[in-house]
Amino acid sequence: MKIFKFVLLLLVITANLVFVPPSWADAPKTPRYASNPDYIEVSEALTEALNTLKAAKDSPDTAQNYSPQELHKKISQLEFQKYTLETGKPWGQCRNETGKTLAVYGPKGKKAADSSYENALYFLADGQTTEHKWDCDGIFLPSDIKATDLRATDQPSEELTGGLAVKIVDGTQVVARANPDTGAVEFNVPTAQVFQPGDANWFVPDVTQAYIDSQLPNAPTEEND
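Novice: Would you mind going over the state of the cysteines in detail, with residue names and values included?
Specialist: Taken as a whole and assessed by the stated rule, the structure comprises 1 disulfide. Between the sulfur of Cys 94 and that of Cys 136 lies a disulfide, 2.1 Å long from S to S. Around the S-S axis, the bridge from Cys 94 to Cys 136 shows a dihedral of about -90° and counts as left-handed. Of the two residues, Cys 94 sits in strand β1 (residues 93–97) while Cys 136 sits in the loop between β3 (120–124) and β4 (138–141), which places them 42 residues apart along the sequence. Residue Cys 136 is classed as buried on the basis of its relative accessible area of 1%.

Below is the structure:
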């Protein structure tokens, strides 16, 4: 009888070890992208846009201010940005097709290690793409350059006047082009944020495109460019 009880006890212990998850198991880890400021902002903007769309359907007054087609487009852009941040690379890439030198933001090198700014300015030659895995944070627009604001929000796009910094979403390749008719800089994807001087810990100088063009290109680039 004692042997039977002993064997039964062993079977119960074995069953608990095999079928019951141990109480000391690691808790589910928070996804890497969940703490990304870009992801948080896009998620909040998406929620706001969805709420605006719902309000436009329920309120005639709100519906007059927003076209369903425009809201649908913005929501689709936000959803795609959110998906990109969840599944893409934790770095961005910039390509210059403006016909001029492009100033871009990237990781601080050894020479800028003591700088108080979050990142550093680099110069990307026309026709060049920043290096694979080198995180291009954004693009600087000189004081005499205009651009189209394509931020994925529920607000209509508007013309931007430099100097300012345009932040890009991680996991995307941003292509900057000059409009052949207006000369304004245009981007192939919506931007994450637009910083005026003092809005963020980014260096946003008051210089013209001529000054940028006078700088030697120094941004790390793809070898095949």
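Novice: Describe the sheet that holds strand β7 (residues 164–167), listing the residues and the values that go with them.
Specialist: Pairing in this open sheet of 5 strands is antiparallel, and the strands run β3-β2-β4-β7-β10 from one edge to the other. Looking along the sheet, the strands with just one partner apiece sit at the ends: β3 and β10 (193–195). On average, adjacent strands in this sheet sit at an angle of 30° to one another, irrespective of strand direction. Strand direction decides the pairing type here: strand β2 (residues 102–106) and β4, joined by 3 bridges, are antiparallel. Note that in β4 the partner of Val 104 across the bridge is Ile 139.

Criteria and thresholds
- Residues numbered from 1 in each chain as written.
- Predicted model: local features only at pLDDT ≥ 70, side-chain atom pairs only at ≥ 80, totals over all residues.
- Heavy atoms only, no water.
- Disulfide = S-S within 2.5 Å.
- Helix = DSSP H or I, 4+ residues; strand = E, 2+ residues; numbered from the N terminus.
- Buried < 20%, exposed > 50% of the residue type's maximum accessible area, 1.4 Å probe, protein only.
- Pairing = 2+ DSSP bridges.
- Axes fitted to C-alpha atoms, helices over the stretch in contact; angles between N-to-C directions.

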